[in-house]
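An overview of the molecular structure
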Amino acid sequence: MSTTSTKDHAELAGQFNADEQRVDWHDETLWWIRQKRDKAVNQFPEWELLRETGSKIKEHTLSNLGNYLEAFEANALANGITVHWAADAKEHNQIVHGIIKKHGVNRMVKSKSMLTEECHLNEYLAENGIEVIDSDLGERIVQLAKEPPSHIVLPCIHKKKEEIGDLFHEHLGTPAGVSDPQILAETARQHLREVFLTRKIALTGVNFAVAETGEFVVCTNEGNADMGAHLSEVHIASMGIEKIIPKREHLGVFLRLLTRSATGQPITTYSSHYKKPRPGQEMHIVIVDNGRSVQLGRKDFRNSLKCIRCGACMNTCPVYRRSGGHSYHNAISGPIGSILAPNLDMEKYADLPFASTLCGSCSNVCPVKIDIHDQLYKWRQVIVKAGYTTKTKSAGMKLMQWTLSSPGIYHAAGKAGRMVMKYAPFAVNNALNPWYKQRDMPKPPAQSFDEWYKKNRGKK
Amino acid sequence: MSTRGGILSAIRANQPELTVLPDVEPLKAYANKENLLAQFTTIATNIGAKIYEAKNLAEVKSVIQNNFGADVKIISTISELSDIADTKEYLNDLPVQLADVELTILQSDLAVAENSAIWITEDQMGQRVLPFITQHLAIIVNAKNIVATMHDAYSSIGITTQGFGAFIAGPSKTADIEQSLVIGAHGPRSMSLFLLTGD
């Protein structure tokens, strides 16, 4: 990266790649989930129409977002929900902290919300003396490990069960060496049940917010969002402005798309529709912008706001599967994270759009047909023009431009390259060549196509 | 300008030209309406639910009495089950006081064949937390109330005015540890579905 000192995707992927067996396991596990997705969606002849409809509903919503947000707010208010607006992460965190302070408590239970990861809410509240316990099992595991989630749907997909067993031994008192998922999950159930029963305030994310009814829908398999919310006296739901959908009937489209794309499940165990607070309960919605209205104005990138956070693009991505979610150094990793992050900070995330082969698999599986790989390509142009690429990348590109601009230089360079790889492979198979890391260089061909053509066809 | 005003005006300045909202109606034409009960049963079994076909409430009651001891706390919103379950007292409890319920028996009017989800409204839950906090959940639904897809389900639900409602499909589960499926995450450890097939 040009000026920042944080590690970039290539460096972080290098760390992940140090353990080859783990990389293979990670790769295979995610590909297995991708295959489950294929099996689930191939049962439906209308799948492509479903994707197209989902995409067009989101497109329409974005084209009328101001009105839909106002309608949602009016209906939510009429339902007895308090509505807050936050321009950025800081304001979101202050609003949540304000609600907690007002109730005079110092702890809260939270179900999965990528928005609160994006806003670094837990860190903010910890600095202010408030303890937050994440209740999704995967999130609780990475929280105990003091790590961020590495996947939006499968937060601890990078962890082996033995590592989780060690964490539970240290923090939750399981016997040393126990790594049976059944026993670990039961331990977490007992531990978190106590948390659910004793927390006055629960925060949840929002999967969909319906303008027509002022309700929001939260999807989980574990039941953790519902346990937290229904046992709490105060329920706070945080949502980005792009979570809006116009009508309740549109939930039919998105709930059919979401989990089939995510894990191949027909639907999550719980799809909970929160419309009014329980009698005696307080319900708050925090509507957050945090750069989304800027992204809405970027014609080439606004489609990224259609995302329903299924994670299909991560599961299918050959780079994600082999580099791990943490290599993206952003709350949302993978292909979708790589097109969302540069909008928030182009310099800090300049490396992410380059962390892709542009194979297009992400766009093919996206349930709302976001042109992810095209946007990755377009971000590269924007980032290079803005001068945020590394010196090596810029120098390499200039050399490539010079080579490709003249047939003479191109042929000479090709010949030299083949000679080096044939007679002096150590000159490229070394640590100075970043391409050689975790890869073998290909065998060089004996001649170029041009040489072959001249020899075999040129005579005629 | 207030934060709200600032966000809304930034959105209005940046949102693209209005596009048409697509119709979801054409999707309904693809629904497989053949043998909804069999479709529903296959998927429900795959996601870990136990299926019982029953002619009437008496049959439901006998299955429950065979599966659960007489000494466990059972709550139901169905008044006809008052001899085996608490059908009234629990309404006065605070949600946290329901932590020791072993079995909850609820009734639903809507099931979906394509994903075996059951729609339950707040009224049918008695208390919102019940279908989640209970160790085991049983739901009774008439087989006639199975619709093909989620599109049909939302047509049937409409825009109810209830404060809370949920689609529930199977027992709670997690696969967060190395993708190993564990049934009984934070919610029920089992889900029994009683499909009433009598008249």
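Treat the numbers as computed from the prediction; the structure is a model and nothing was measured. (Residues numbered from 1 in each chain as written. Chains lettered and ligands numbered in written order. Predicted model: local features only at pLDDT ≥ 70, side-chain atom pairs only at ≥ 80, totals over all residues.)

Across its full length, chain B holds seven helices and 11 strands. The dimensions of chain B, computed from C-alpha atoms along their principal axes, are 65 × 45 × 40 Å. For chain B, restricting intrachain contacts to residue pairs at least 6 apart in sequence, the fraction spanning at least 24 positions comes to 73%. (Helix = DSSP H or I, 4+ residues; strand = E, 2+ residues; numbered from the N terminus. Contact = placed C-beta atoms within 7 Å.)

In this section: the sheet that holds strand 6 (residues 136-142) of chain B. Residues and elements named next belong to chain B. With respect to topology, five strands assemble into an open sheet ordered 1-11-6-3-2, the strand pairing being parallel. This sheet does not close on itself; its edge strands, each paired only once, are strand 1 (50-54) and strand 2 (74-76). For this sheet, the mean inter-axis angle between neighbouring strands, taken without regard to orientation, is 20 degrees. (Pairing = 2+ DSSP bridges. Axes fitted to C-alpha atoms, helices over the stretch in contact; angles between N-to-C directions.)

Pairing is mixed in the open sheet, where eight strands are placed in the order 8(A)-5(A)-6(A)-9(A)-8(B)-5(B)-4(B)-7(B). Strands with a single pairing partner mark the edges of an open sheet, and in this sheet they are strand 8 (244-245) of chain A together with strand 7 (146-147) of chain B. Here strand 4 (residues 110-112) of chain B runs beside strand 7 of chain B; their pairing, made up of two bridges, is parallel. Its bridge partner lying in strand 7 of chain B, B:Val112 is registered against B:Val147.

Residue and element names in this part refer to chain A. The N-to-C vectors of helix 3 (residues 47-63) and helix 12 (residues 250-262) enclose an angle of 125 degrees; their axes lie 10 Å apart at closest approach. Judged on the interaxial angle alone, helix 12 and helix 3 are oblique. Remark: the crossing between helix 3 and helix 12 carries left-handed chirality. For the pair helix 3 and helix 12, contact is made by Leu50, Arg51, Thr53, Gly54 and Ile57 and by His250, Val253, Phe254, Arg256 and Leu257, respectively. Among the residues forming the contact of helix 3 with helix 12, the class breakdown is five nonpolar, three polar and two charged. (Parallel < 35°, antiparallel > 145°, perpendicular 65-115°, else oblique. Left-handed = near helix turned anticlockwise from the far one by under 90°. Nonpolar A, V, L, I, M, F, W, Y, C, P; charged D, E, K, R; others polar.)

Think of an α-helix as 3.6 residues a turn; residues three or four steps apart then line up on the same face. Residue and element names in this part refer to chain A. With 13 residues, helix 12 should reach 18 Å at 1.5 Å per residue; the first-to-last C-alpha distance of 19 Å fits that figure. For helix 12, the tally of buried residues reaches 13 of 13 residues, placing the bulk of the element in the interior. Positive backbone phi, approximately 85 degrees, marks Gly264, located one or two places after helix 12. (Expected span 1.5 Å × (residues − 1). Buried ≥ 20, exposed ≤ 12 C-beta atoms within 10 Å, placed from the backbone.)

This brings us to the interface of chain A and chain B. In this complex, chain A contributes 71 residues to the contact, which on the side of chain B involves 59 residues. When grouped by side-chain class, the residues that make up the side of chain A that touches chain B number 32 nonpolar, 21 polar and 18 charged. Pairing analysis gives five bridges linking strand 9 (residues 270-274) of chain A to strand 8 (residues 164-168) of chain B, with the strands arranged antiparallel. Paired with A:Ser272 across the strands is B:Ala166, a residue of strand 8 of chain B.

Turning to the domain arrangement of chain A, a few remarks are in order. Per the domain assignment, the segments of chain A are domain 1 (9-38 + 311-388), domain 2 (54-135 + 200-293), domain 3 (145-197) and domain 4 (406-456). The centre of domain 3 of chain A, based on its C-alpha atoms, is set 49 Å off from the matching centre of domain 4 of chain A. (Domains from an automatic or database assignment.)

Before going further, it helps to examine the pairing of strand 10 (residues 282-288) of chain A. Residue and element names in this part refer to chain A. Summarising burial for strand 10: six of the seven residues are buried, a large majority. As defined by bridge partners, strand 7 (residues 234-240) adjoins strand 10 across seven bridges and the pair is classed as parallel. Along strand 10, the bridge assignment pairs Ala237 with Ile285.

With that out of the way, let us pick up the packing of helix 12 of chain A against helix 7 (residues 150-157) of chain B. Put simply, helix 12 of chain A and helix 7 of chain B touch, their axes get as near as 8 Å, and they point 150 degrees apart. Of the two possible hands of crossing, helix 12 of chain A and helix 7 of chain B adopt the one that is right-handed. In this structure, helix 12 of chain A contributes A:Leu251, A:Gly252, A:Leu255 and A:Arg256 to the contact, and helix 7 of chain B contributes B:Met150, B:His151, B:Ala153 and B:Tyr154. Classifying every residue of the contact of helix 12 of chain A with helix 7 of chain B gives five nonpolar, two polar and one charged.

Let us now look at unusual backbone geometry. Residue and element names in this part refer to chain A. The backbone of Lys146 sits at a positive phi, close to 55 degrees, despite the residue not being glycine. Residue placement: Lys146 occurs in the loop between helix 8 (137-144) and helix 9 (161-172). We classify Lys146 as exposed; it has 7 C-beta atoms within 10 Å.

With that out of the way, let us pick up the pairing of strand 4 (residues 201-204) of chain A. Residue and element names in this part refer to chain A. Burial of strand 4 is two-sided: the residues Ile201 and Leu203 facing one way and the residues Ala202 and Thr204 facing the other way are all buried. Two elements, strand 2 (residues 107-110) and strand 4, share two bridges in a ladder whose sense is parallel. Pairing of Lys110 across the sheet is with Leu203, part of strand 4. In this sheet, strand 7 lies alongside strand 4 in parallel orientation, the contact comprising four bridges. Looking across to strand 7, one finds that Leu203 is bridged to Ile236.

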